[in-house]
Amino acid sequence: MYQTNCIIALGSNTGNCIYHLKKAISELDKLGSIKKIASLYLSKPYGYINQNDFYNTAVVLKTAQQPMQLMKNIKKIEKKLQKNKKILNGPRKIDIDIIFYNQLIINTHNLTIPHPRACERDFVLLPVCNLVPFFRHPVYKLSIKDLVKKLKNNYLIKKLSNTHFR
C-alpha cells in the first residue's frame, strides 16, 4: 500500500497542554507512523487575544490514508480529546491541522491542502521548519526556511527546551 508523508501542526492552550499534545501525537501515530516530532514552541494567541498562550509543535506522519479520510480521523481525535472550540481562534485543548500532504494541492469545500493560512503563522511555520526546512511549498515553490524569512509578525513565538513527546 502506498504511503505518503504529511506535515501535521498541533496546538493547545487550555488544561494540561503538554499532556494534550502528547495524547494527540499518540493518536496520530495510530493513523500511520510518526517519523519526526518538532520541538515545542510557545506562542501568543492569534486573532482572539484574550486567552492563554499556545503550545505548538508539528509532526511528520507517514500514512496510507487518503487526505479526506485522514482529515475525518483527525476530527475524531479532536473530538475524543475534547477540542471544545467555542470562539474562532479561541481557547482549546487541542487543535490539529493538516499543513501538507506531500506535494498534493487540494481545494474543496471541506478540505484545503496546503493549509491556506500556514504561511502567515509563525506558530505553524517555525515548528514545520524545525522538521523539514528544505521542503518546498507546492503552491509558492519556496522552501519552508525561505517562507519563515518572509514572516511579517516578528516571531511572537519562542522555542522551549527540548520536550520529549514519546
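Details of the structure are given in the entry above.
Residues numbered from 1 in each chain as written. Predicted model: local features only at pLDDT ≥ 70, side-chain atom pairs only at ≥ 80, totals over all residues. Heavy atoms only, no water.

**Student:** Please provide a residue-by-residue account of the pattern of salt bridges, values included.
**Tutor:** Under the definition given, this model contains nine salt bridges. Its salt-bridge partner being K83, residue D95 comes within 2.9 Å of it at the nearest N-O pair. Placement of the pair is D95 in strand 5 (residues 95-101) and K83 in the loop between helix 2 (67-80) and strand 5, with a sequence separation of 12 residues. Judged by its relative accessible area of 14%, D95 falls in the buried class. (Salt bridge = Lys/Arg side-chain N within 4 Å of Asp/Glu carboxyl O. Helix = DSSP H or I, 4+ residues; strand = E, 2+ residues; numbered from the N terminus. Buried < 20%, exposed > 50% of the residue type's maximum accessible area, 1.4 Å probe, protein only.)

**Student:** Describe unusual backbone geometry, and please don't skip the residues or the numbers.
**Tutor:** Note that the residue after I113, namely P114, is joined by a cis bond; omega there is 0°. Looking at where P114 falls in the secondary structure, it is placed in the loop between strand 7 (112-113) and helix 3 (122-131). A positive phi angle, near 60°, is found at Q82, a position not held by glycine. For Q82, the location among the structural elements is in the loop between helix 2 and strand 5. Look at Q82 and you get partly exposed, because its relative accessible area is 43%. Located in the positive-phi region is N102, a residue other than glycine, with phi close to 50°.

**Student:** An account of the pairing of strand 4 (residues 54-63) is requested, with residue identities and associated values reported.
**Tutor:** A large share of strand 4 lies buried, amounting to eight of its 10 residues. Of the strand pairs in this sheet, strand 3 (residues 41-43) and strand 4 are connected by three bridges, and their pairing is antiparallel. Its bridge partner being in strand 4, S43 is matched across the sheet by F54. (Pairing = 2+ DSSP bridges.)

**Student:** Any details on a nonpolar patch on the surface? Residues and values, ideally.
**Tutor:** A grouping of I105, V139 and Y140 is seen on the molecular surface, where their side chains present a nonpolar patch of about 300 Å² in accessible area. Counting through the fold element by element, Y140 comes out in the loop between helix 3 and helix 4 (144-149). For Y140, a relative accessible area of 47% gives the class partly exposed. (Patch = residues over 30% accessible without salt bridge, like charges linked within 9 Å, V, L, I, M, F, W, Y side chains within 5 Å. Areas by Shrake-Rupley, 256 points an atom, 1.4 Å probe, with all protein chains shown as cover.)

**Student:** Could you give me a rundown of the packing of aromatic side chains, with the residues and numbers involved?
**Tutor:** Taken as a whole and assessed by the stated rule, the structure comprises one aromatic pair. Summarising the aromatic geometry, the rings of F100 and F135 are spaced 4.8 Å apart at their centres and angled 55° between planes, so their arrangement reads as tilted. On the criterion of sequence distance, the pair formed by F100 in strand 5 and F135 in the loop between helix 3 and helix 4 is long-range, its members being 35 residues apart. The exposure classification of F100 matches that of F135, with both residues buried. (Phe/Tyr/Trp six-rings, centres within 6.5 Å; stacked < 30°, edge-to-face > 60°.)

**Student:** Describe the state of the cysteines, naming the residues involved and giving the relevant values.
**Tutor:** Under the counting rule described, the total for this entry stands at zero disulfides. With no disulfide partner, C129 has as its closest neighbouring cysteine sulfur the one in C119, 12 Å distant. Residue classification places C129 among the buried residues on the basis of a relative accessible area of 18%. (Disulfide = S-S within 2.5 Å.)

**Student:** For the pairing of strand 1 (residues 4-12), give the residues involved together with the corresponding values.
**Tutor:** When you tally the buried positions in strand 1, you get eight out of nine residues, the bulk of the element. Bridging between strand 1 and strand 4 involves nine bridges; their strand directions are antiparallel. Note that in strand 4 the partner of N5 across the bridge is K62. Direction of pairing for strand 1 relative to strand 5: antiparallel, over a ladder of six bridges. Residue C6 lies in a different strand from strand 5, and its bridge partner there is Y101.

**Student:** Summarise helix 3; cite the residues concerned and give the values.
**Tutor:** Within helix 3, nine of the 10 residues are buried, leaving the element largely enclosed by the surrounding structure. Looking at helix 3, one finds that the buried residues are D122, F123, V124, L125, L126, P127, V128, C129 and L131.

These values are about where atoms sit, not about what they do.
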